[in-house]
Amino acid sequence: KQAIAKTLERIDGNKHKITETMERIEALIRRPEGKAFLAKIKDARKVYVASFSKASHVLLEEGKRDAATQIMTSETLPTLTAFIAAIDNLNAFQKAIVETSGKEAENIYETGRALMLTLGSAAVVLGILAAALVTRAITRPLSEVVQVANQLAEGDLTVKATVTVESPPTSTVV
């Protein structure tokens, strides 16, 4: 009788552990579809637990091994199969969510990467353009000054230099 009591106690302990695990899983599921899958798991578990409890009672408390085997074969195993199938359905649903999320994350990464490359390229082009404009703004007046200096060096004292740049470094040089 002690062995039977210990076995029944272990069975009850396992039932409680599974119930706690199901509660933790339920807290993690947010989508209505997932909640529907979980409801099917709970329903299938109730049927399975009832059948298993019935078979356990017949075997352990009544000592009817053949009757317990018949219950296990005809009721408990099919309900266990349905219970496992319900779990597999939730698992497949969760797997699909993870795959979709992974693809979305990859798309976000690719979009962000393309955006960064585009913005980086635009910044380089704008930098080159700005450098060219600044260089031109500096070298054009200096080129004119050099041209005037060369004409003066050749003896042309009638040459006139006009300063039209208001930029301090260039106007100072000019």
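Before any of the text, the structure's been laid out above.
Let me begin by describing the structure that accompanies this report. (Residues numbered from 1 in each chain as written. Predicted model: local features only at pLDDT ≥ 70, side-chain atom pairs only at ≥ 80, totals over all residues. Heavy atoms only, no water.)

### A closer look at the packing of helix α2 (residues 32-61) against helix α3 (residues 65-153)
When two helices pack together, you describe them by how their axes are tilted relative to each other and by the distance separating the axes.
Line of reasoning, step 1. Two elements in contact, α2 and α3, have axes separated by 8 Å at closest approach and are oriented at 165°. Between α2 and α3, the interaxial angle falls into the category roughly antiparallel. Where α2 crosses over α3, the two elements pack in a sense that is left-handed.
Line of reasoning, step 2. A per-class count over the contact of α2 with α3 returns 21 nonpolar, five polar and six charged. (Axes fitted to C-alpha atoms, helices over the stretch in contact; angles between N-to-C directions. Helix = DSSP H or I, 4+ residues; strand = E, 2+ residues; numbered from the N terminus. Parallel < 35°, antiparallel > 145°, perpendicular 65-115°, else oblique. Left-handed = near helix turned anticlockwise from the far one by under 90°. Nonpolar A, V, L, I, M, F, W, Y, C, P; charged D, E, K, R; others polar.)

### Details of the packing of helix α1 (residues 2-28) against α2
Line of reasoning, step 1. Put simply, α1 and α2 touch, their axes get as near as 12 Å, and they point 180° apart. Viewed along their axes, α1 and α2 adopt a mutual orientation that is roughly antiparallel. Judged by residue contacts, Ile4, Thr7, Leu8, Ile11, Lys15, Ile18, Thr19, Met22, Ile25 and Glu26 of α1 engage Lys35, Leu38, Ile41, Lys42, Arg45, Val49, Phe52, Ser53, Ser56, Leu60 and Glu61 from α2. (Contact = heavy atoms within 4.5 Å.)

### Considering the packing of aromatic side chains
Line of reasoning, step 1. On inspection of all chains with the given rule, the structure shows three aromatic pairs.
Line of reasoning, step 2. Plain terms: the ring middles of Phe37 and Phe93 are 5.3 Å apart, the flat faces sit at 40° to each other, and that makes the pair tilted. Taken together, the positions of Phe37 in helix α2 and Phe93 in helix α3 put the pair 56 residues apart, joining distant regions of the chain.
Line of reasoning, step 3. For Phe37, a relative accessible area of 22% translates into the label partly exposed.
Line of reasoning, step 4. Ring geometry for Tyr48 versus Phe52: centroids 5.9 Å apart, planes at 35°, classification tilted. Taken together, the positions of Tyr48 and Phe52, both in helix α2 and four residues apart, correspond to about one turn of that helix.
Line of reasoning, step 5. Of the residues examined, Tyr48 reaches a relative accessible area of 18% and is grouped as buried. (Phe/Tyr/Trp six-rings, centres within 6.5 Å; stacked < 30°, edge-to-face > 60°. Buried < 20%, exposed > 50% of the residue type's maximum accessible area, 1.4 Å probe, protein only.)

### Considering the pattern of salt bridges
Close approach of charged atoms allows side chains with opposite charge to pair.
Line of reasoning, step 1. Summed over the entire model, instances satisfying the criterion amount to four salt bridges.
Line of reasoning, step 2. With its nearest N and O atoms 4.0 Å apart, the salt bridge here joins Asp12 to Lys15. Placement of the pair is Asp12 and Lys15 together in helix α1, with a separation of three residues, close to one helical turn.
Line of reasoning, step 3. Exposure remark for Asp12: the relative accessible area of 40% places this residue in the partly exposed category. (Salt bridge = Lys/Arg side-chain N within 4 Å of Asp/Glu carboxyl O.)

### Some remarks on the side chain of Thr76
Line of reasoning, step 1. Within the secondary structure, Thr76 is located in helix α3.
Line of reasoning, step 2. Exposure remark for Thr76: the relative accessible area of 2% places this residue in the buried category.
Line of reasoning, step 3. Reaching out from Thr76, the side chain makes a polar contact with the side chain of Ser51 at a distance of 2.6 Å.
Line of reasoning, step 4. Leaving out residues up to four positions away in the same chain, Thr76 has contacts with Tyr48, Ser51, Phe52, Ala55 and Ile71. (Polar contact = N/O pair within 3.5 Å; in protein donor to acceptor, adjacent residues only side chain to side chain.)

Distances and angles like these do not, on their own, reveal function.
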